[in-house]
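The chain contents come next:
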There are 2 protein chains.
Amino acid sequence: MTEHLVVFQPVGKRGRIQEGKTLREAGRELGADLESLCGGRQACGKCKVRIEEGHSLGLGMRSGQSHLSLPTEKEVELLGESAVNDGYRLACAATIAGPLSVYIPEESRTSKQVVAKTATQRAISLKPAVRKCYVELSNPRVEDPRGDWERLSEEITHRFGLAGLDIDYQALCCLSDIVRKADWKVTVTVSMERHRVTMVHPGLVERSFGLAIDVGTTTLAGYLCDLNTGEIIAAEAVMNPQISYGEDVISRITYAMDSPDGLSQLNACVIEALNGLTSNLAGKAGLVVEDIADVTMVGNTAMHHLFLKLDPQHLGRAPFTPVLHRPLDITARELGLKVHPATNVHILPILAGFVGADNIGVLVSEKPHDQEEVALVVDVGTNGELVLGNRRRLIAASCATGSPFEGAHIKFGMRAAAGAIERVVVDPQTCEVRFKVVGDDCWSDQGSRVKARGICGSGVIDAIAGMLHAQIINPRGAFNKNISMSRLLRDGGEPEFVIAWPAETAIDRAITISQGDVREVQLAKGALAAGARLLMNKLGVEQVDKVILAGAFGLHIDKANAMSIGLVPDCGWDKVYSVGNAAGEGARMALLNVNERREAAEIAQRLEYIELTAEPSFSKEFVHAMEFRPWKGI
Amino acid sequence: MTEHLVVFQPVGKRGRIQEGKTLREAGRELGADLESLCGGRQACGKCKVRIEEGHSLGLGMRSGQSHLSLPTEKEVELLGESAVNDGYRLACAATIAGPLSVYIPEESRTSKQVVAKTATQRAISLKPAVRKCYVELSNPRVEDPRGDWERLSEEITHRFGLAGLDIDYQALCCLSDIVRKADWKVTVTVSMERHRVTMVHPGLVERSFGLAIDVGTTTLAGYLCDLNTGEIIAAEAVMNPQISYGEDVISRITYAMDSPDGLSQLNACVIEALNGLTSNLAGKAGLVVEDIADVTMVGNTAMHHLFLKLDPQHLGRAPFTPVLHRPLDITARELGLKVHPATNVHILPILAGFVGADNIGVLVSEKPHDQEEVALVVDVGTNGELVLGNRRRLIAASCATGSPFEGAHIKFGMRAAAGAIERVVVDPQTCEVRFKVVGDDCWSDQGSRVKARGICGSGVIDAIAGMLHAQIINPRGAFNKNISMSRLLRDGGEPEFVIAWPAETAIDRAITISQGDVREVQLAKGALAAGARLLMNKLGVEQVDKVILAGAFGLHIDKANAMSIGLVPDCGWDKVYSVGNAAGEGARMALLNVNERREAAEIAQRLEYIELTAEPSFSKEFVHAMEFRPWKGI
């Protein structure tokens with residue numbers, strides 16, 4: 001029995017392989033990572049390899065072609081004549097006749113590195129939870145009386161080495177019909193972690209799709225991804241319709257507790273909205289929802305519970321106990337989620353309080369636990385969540401910020417929709433104001449055409465930073481009694497500073513920042529800053545190396561203004577990063593690579609949660625932190 | 001650190017254990033098998049042990065009491081004072097102070113031997129698929145912010161050593177409410193094979209219940225069992241309502257194929273009937289259906305497919321391919337079965353053709369594969385299934401017997417219901433007839449009061465054996481043309497032999513056995529005997545050591561008559577056993593002990609199936625076997 005030395009590059013796996021075996025068999029024996037959809041039938045062309053010059057390895061060959069069987073017709077058809085001339089072969093077709101050096105290109109590896117098309121252009125390595133396997137089955141005969149499922153599963157084991165699989169009950173119910181209509185040639189989708197066949201499709205199906213969902217208090221975001229390339233093929237966000245039951249998480253928890261069927265209503269309305277979103281995404285991509293073979297989900301603790309129809313009432317009061325922290329895997333049809341009914345839905349773990357799967361998603365995506373630098377992750381939405389730490393330790397807290405930055409309790413507050421004032425500049429000398437409105441490229445003094453309807457979070461921060469700088473308010477938040485100017489109104493008793501005159505608005509009234517608005521921002525800012533300080537005390541650091549702002553909030557605020565009022569620690573302008581919807585990005589990373597799911601579970605285990613209200617020094621810190629001033633630490 | 005020798009009897013586990021440890025801890029360390037429901041809280045009293053005299057073991061003690069801590073109040077309360085005086089202790093309470101010999105009574109072992117209350121009084125060892133665990137949880141506090149599920153699962157791991165559990169989604173949805181209402185003291189039901197918590201009940205719940213189902217073509221049988229004792233606490237059988245879609249499996253398969261929604265209808269009607277049956281059983285036992293924590297199911301291949309809503313059409317034609325053979329585990333709510341929604345339903349494996357889970361059930365219960373003797377298992381219902389073999393080899397076949405023994409195609413045929421002639425004696429000299437009717441203790445010549453309405457399977461066999469003996473028919477099944485007597489009618493052209501005169505019947509007509517009836521029995525008998533002969537040829541035996549008759553049929557026929565007409569091989573009257581509903585018994589054994597499920601899967605793998613119609617010698621054997629004569633082999 002003649003054997004030859006075979007080397008696989010770039011992985012460097014080498015060993016002696018029996019003559020006559022295919023390169024695919026050699027790859028398996030040596031543990032080289034080779035893609036295959038068709039299980040070695042020369043049907044999919046996925047196991048393309050390049051035969052290398054072998055002199056440097058002492059293989060005594062220039063082109064390896066003479067050390068291989070001749071290219072088959074199928075190889076020429078699938079690879080093209082020129083590729084074959086360039087030394088490319090199908091590993092499942094070419095058999096070994098002498099020593100060889102074989103290069104496995106990126107696209108022929110099961111674990112691929114792809115560059116995700118995100119703002120940060122992060123490299124994501126692909127290891128999806130589902131795998132497609134194409135098989136051709138023999139017809140049943142009297143001498144081979146195996147059942148359809150035995151026939152199928154044994155062929156999958158034989159071709160792909162996947163043993164001990166079971167099959168989803170609904171897939172089993174359709175099996176006999178599909179295999180016969182498809183003339184015994186089918187592609188099965190295997191849920192690798194659950195060792196389960198979830199779908200059976202007729203013929204050869206190459207592409208695989210997954211959905212990452214971010215259930216926010218305000219917004220539901222969905223990312224439909226190609227699991228073979230990692231690409232987002234459709235993305236969409238819609239309002240969370242639960243808003244009609246309450247703007248913030250506490251009011252929704254209250255509704256779930258107090259109304260008969262409240263929990264069912266809240267659950268049904270988010271599931272229905274997600275089903276609409278999913279259907280739109282599939283439509284955009286030219287797919288049907290049943291093509292979606294895997295789903296990951298993140299959300300804050302309350303959204304997580306309502307999505308899962310878990311009683312959220314104990315989240316709303318001390319000791320703020322969730323039903324569970326751990327990640328979950330649930331079949332889509334159990335949740336009423338309209339993708340393929342057998343699809344697994346992976347729900348990322350949550351921590352405690354409102355530090356939920358969304359924050360875990362941010363950590364998965366930003367990986368502070370892999371770094372030496374101490375990072376402060378700030379996620380301000382309808383609540384504020386903080387995570388502080390590095391590779392040695394990670395601690396988290398959530399603080400009741402209210403949601404002034406989303407417009408709540410701000411006199412003219414609104415979300416960042418068309419007509420919202422999103423940028424404000426106050427001249428420190430004249431106290432004159434310029435502003436910019438969402439939906440208009442021009443500033444108010446440059447001939448803007450869209451009239452203002454209100455002011456959103458980033459506008460409020462700019463206005464307050466500007467008012468502070470112009471000494472219209474002092475660091476304690478009080479209006480300066482000694483200044484008097486046309487922009488200062490005192491109609492209702494408490495002072496207000498005019499941002500937009502009635503003529504500049506669509507509401508026939510001036511849009512102002514009132515003393516009450518300043519107090520709301522102080523409360524939010526105080527809670528966040530005090531929380532951050534307490535975490536820094538716990539960790540024993542006096543300064544953070546970087547600040548990561550997660551969520552839409554971080555994308556839109558002016559970082560310098562946020563630092564100048566002390567909303568985030570002043571660690572240098574270039575050390576504050578806005579990462580946008582990093583929670584959704586985390587969900588997408590967990591969708592594309594199961595290792596990220598394990599990492600999320602580990603982070604959730606490691607992360608220490610600090611209940612701020614139980615900390616004796618919190619009130620003192622809070623009062624102190626309400627002052628508008630930059631800060632670098634304790 | 002002082003250690004003492006501790007010996008557990010009767011298992012003979014021994015080792016040195018640190019002073020101060022409980023006997024329960026010692027049992028765990030030494031691998032002695034000790035029951036516990038409450039996880040060592042002195043609450044359930046299940047870990048009762050007896051302290052033995054230890055001189056013979058060289059332990060230097062007479063009564064071990066001095067080598068143990070004093071009995072606690074709880075021990076006296078749970079065991080009673082006299083038991084404590086007799087040397088009984090709770091293993092979880094008594095701590096070690098010296099060398100000890102400890103006897104574990106049968107009822108304190110997790111694997112108990114119980115005698116099942118069946119006709120055969122078989123000993124079944126108990127190893128149910130579900131286990132109850134009582135736990136008391138600490139309240140959540142700010143310093144212990146674990147979720148409800150983490151709190152529960154970690155306590156189960158700590159107390160019972162069960163790690164890596166997950167929880168059924170619906171159980172998770174109710175969890176936070178139940179644990180709080182129960183003041184954090186709950187009993188969970190763990191599905192051991194699936195590592196899953198399926199139920200959470202408030203307080204201490206000791207009893208556990210399971211249901212074994214036998215889905216027959218004609219009859220649905222259910223056995224509600226106490227999983228702690230193995231006892232049947234309620235049993236019931238109802239007609240399979242699918243009968244209205246066709247009497248036999250072939251007509252139901254045809255209906256499923258040809259009618260739109262035929263499969264759904266057949267599935268829905270059997271599930272609905274089983275739900276009614278289950279509800280009756282629970283009612284009889286004073287339970288609710290949600291108390292049922294485990295289900296096993298057997299049925300022939302067609303019933304198996306219809307129960308599971310699997311397309312049965314390929315079962316009806318060569319090569320008779322089922323959707324699957326393997327055992328299945330499906331959650332009850334997926335099947336629409338109304339027990340506890342998270343309960344696992346274990347469906348036993350099937351073989352091929354119509355050798356289904358019911359026959360596997362018979363083998364599980366009768367265990368020919370454990371024996372040296374060659375057994376022939378005959379199951380005649382609406383079809384005939386045969387299994388032949390012993391510990392070395394088992395082969396099976398199914399034969400199209402039709403169902404003359406259930407009354408089909410017999411002129412006055414009926415099922416064994418009230419009014420059916422079930423016993424017939426023909427005087428070999430006078431040809432006079434005596435008969436007995438179901439529902440009447442007296443024979444026709446002893447003043448019977450119930451009038452005959454028809455004749456059932458056992459009556460037909462008796463009648464034909466009697467007619468053969470009296471030479472009214474010859475071994476080829478033809479009526480003797482030379483005899484003439486009043487009981488011989490020739491009204492419709494073909495001869496008929498009168499069993500009951502019009503005055504003896506409720507139908508105002510004579511009940512007879514016609515030439516056509518004789519032919520039907522010959523066909524059935526020929527198929528069975530030819531099948532058995534072919535199996536004997538394959539196995540290379542000329543004689544069988546015993547015959548096992550399964551099903552209701554076997555219980556009612558006269559064995560001597562069955563042998564005299566050659567329906568079963570003549571291996572001696574005392575070697576023919578009627579085991580009744582052994583399929584149901586197999587389902588019950590699989591319910592009570594998970595090892596029986598593994599054994600069933602192994603049998604199904606081992607059993608060789610012979611497709612009789614594909615055997616060249618079958619037609620010849622069949623023609624030969626149609627003759628009425630006893631036979632001992634080839």
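All of these numbers come straight from a predicted model, not from anything done at the bench.

### Some remarks on the overall build of chain A
When helices and strands are counted, chain A shows 17 helices and 29 strands. By its C-alpha atoms, chain A is 100 × 60 × 50 Å across when sized along the principal axes. Each of the 634 residues in chain A was classed as buried or not, and the buried ones make up 51%.

### What about the interface of chain B and chain A?
If you look at the interface, chain B gives 33 residues, while chain A gives 33 residues. Looking at the side of chain B that touches chain A, the elements with two or more residues in it are α4 (148-160) and α5 (169-181) of chain B. By residue number, the principal contributor to the side of chain B that touches chain A is α5(B), which donates six residues. The residue makeup of the side of chain B that touches chain A, split by class, is 19 nonpolar, five polar and nine charged.

### Comments concerning the sheet that holds strand β3 (residues 48-51) of chain B
Residue and element names in this part refer to chain B. What the five strands build is an open sheet, ordered β2-β1-β5-β3-β4; its pairing is mixed. Every interior strand has two partners, whereas the edge strands, β2 (13-18) and β4 (88-90), have only one. Put simply, the sheet's adjacent strands are angled 35° from each other on average, direction ignored. The sheet contact formed by strand β1 (residues 3-9) and strand β5 (residues 100-103) spans four bridges and is parallel. The residue of β5 that forms the bridge with V6 is L100. Where helix α1 (residues 23-30) meets the sheet, it contacts β1, β2, β3 and β5, and its direction lies at approximately 125° from that of β2.

### What to know about helix α15 (residues 582-592) of chain B
The buried fraction of α15(B) is high, at eleven of eleven residues. By the burial criterion, the buried members of α15(B) are B:A582, B:A583, B:G584, B:E585, B:G586, B:A587, B:R588, B:M589, B:A590, B:L591 and B:L592.

### Some points on the relation of the copies chain B and chain A
Once chain B is rotated about the relating axis by 180° and shifted along it by 0.0 Å, it coincides with chain A to within an RMSD of 0.1 Å. Between the two chains, the operation in question is that of a two-fold axis. For chain B, the minimum C-alpha distance to the rotation axis belongs to B:E334 and amounts to 4.8 Å. Taken together, the interface assignments show that 100% of the residues at the interface of chain B recur at the interface of chain A, consistent with an identical surface on both copies.

### Things to note about helix α17 (residues 618-625) of chain B
Residues and elements named next belong to chain B. For α17, the set of buried residues is F618, E621, F622 and A625. Buried residues along α17 cover an arc of 100° about the axis, so they all sit on one side. When the buried face of α17 is taken as reference, the exposed residues oriented beyond 90 degrees from it are S619, K620 and V623. Structurally, α17 contributes buried residues whose contacts are with α12 (515-539).

### Re the pairing of strand β15 (residues 292-299) of chain A
Residue and element names in this part refer to chain A. Within β15, eight of the eight residues are buried, which leaves the element mostly enclosed by the surrounding structure. Both β15 and strand β17 (residues 344-347) contribute to a ladder of four bridges, which runs parallel. Bridge pairing links T296 to H346 in β17.

### A look at the domain arrangement of chain A
In terms of domain boundaries, chain A breaks down into domain 1 (3-108), domain 2 (129-202), domain 3 (209-347), domain 4 (368-403 + 521-625) and domain 5 (404-520). Placing a centre on the C-alpha atoms of domain 3 of chain A and another on those of domain 5 of chain A gives a separation of 36 Å.

### Some details on the environment of B:N593
All names here are of chain B. Its location among the elements puts N593 in the loop between α15 and α16 (594-606). We classify N593 as buried; it has 20 C-beta atoms within 10 Å. Each C-alpha atom, one on N593 and one on K127, is 4.2 Å from the other, the two residues being 466 residues apart in sequence. Apart from residues no more than four positions distant in its own chain, N593 is found in contact with I124, S125, L126 and K127.

### Here we look at unusual backbone geometry
Here the bond from A:Q9 into A:P10 is cis, since omega is 0°, no more than 30 degrees from zero. Inspection of the secondary structure puts A:P10 in the loop between β1 (3-9) and β2 (13-18). A positive phi angle is found at A:D183, which is not glycine, with a value near 55°. The exposure class assigned to A:D183 is exposed, which follows from the 12 C-beta atoms found within 10 Å. With phi around 55°, B:Q42 is a residue other than glycine that occupies positive phi space. The residue B:Q42 is located in the loop between α1 and β3 in this model. What makes B:Q42 partly exposed here is the crowd of 17 C-beta atoms within 10 Å.

### So, the sheet that holds strand β28 (residues 576-580) of chain B
Residues and elements named next belong to chain B. The sheet built from six strands is open, its strands ordered β28-β27-β18-β19-β20-β29 with mixed pairing. A single partner strand is all that each edge strand has here, and the edge strands are β28 and β29 (608-609). Where strand β20 (residues 394-399) and β29 come together, two bridges link them in parallel fashion. Each residue of the ladder has a partner; that of I395, found in β29, is E608.

### Quick word on the pairing of strand β21 (residues 420-426) of chain A
Residues in a regular strand point their side chains to alternate faces of the sheet. Residues and elements named next belong to chain A. Most of β21 is tucked away: six of the seven residues are buried. Pairing analysis gives two bridges linking β21 to strand β23 (residues 454-455), with the strands arranged parallel. Paired with A420 across the strands is G454, a residue of β23. Direction of pairing for β21 relative to strand β22 (residues 433-437): antiparallel, over a ladder of five bridges. Each bridged residue has a counterpart across the sheet, and for R423 the counterpart in β22 is K436. Two successive antiparallel strands, β21 and β22, enclose a turn made up of six residues, where C431 displays a positive phi of approximately 65°.

Definitions and cut-offs
- Residues numbered from 1 in each chain as written.
- Chains lettered and ligands numbered in written order.
- Predicted model: local features only at pLDDT ≥ 70, side-chain atom pairs only at ≥ 80, totals over all residues.
- Helix = DSSP H or I, 4+ residues; strand = E, 2+ residues; numbered from the N terminus.
- Buried ≥ 20, exposed ≤ 12 C-beta atoms within 10 Å, placed from the backbone.
- Contact = placed C-beta atoms within 7 Å.
- Nonpolar A, V, L, I, M, F, W, Y, C, P; charged D, E, K, R; others polar.
- Pairing = 2+ DSSP bridges.
- Axes fitted to C-alpha atoms, helices over the stretch in contact; angles between N-to-C directions.
- Least-squares fit on C-alpha atoms with pLDDT ≥ 70 in both.
- Arc of directions from axis to C-beta.
- Domains from an automatic or database assignment.

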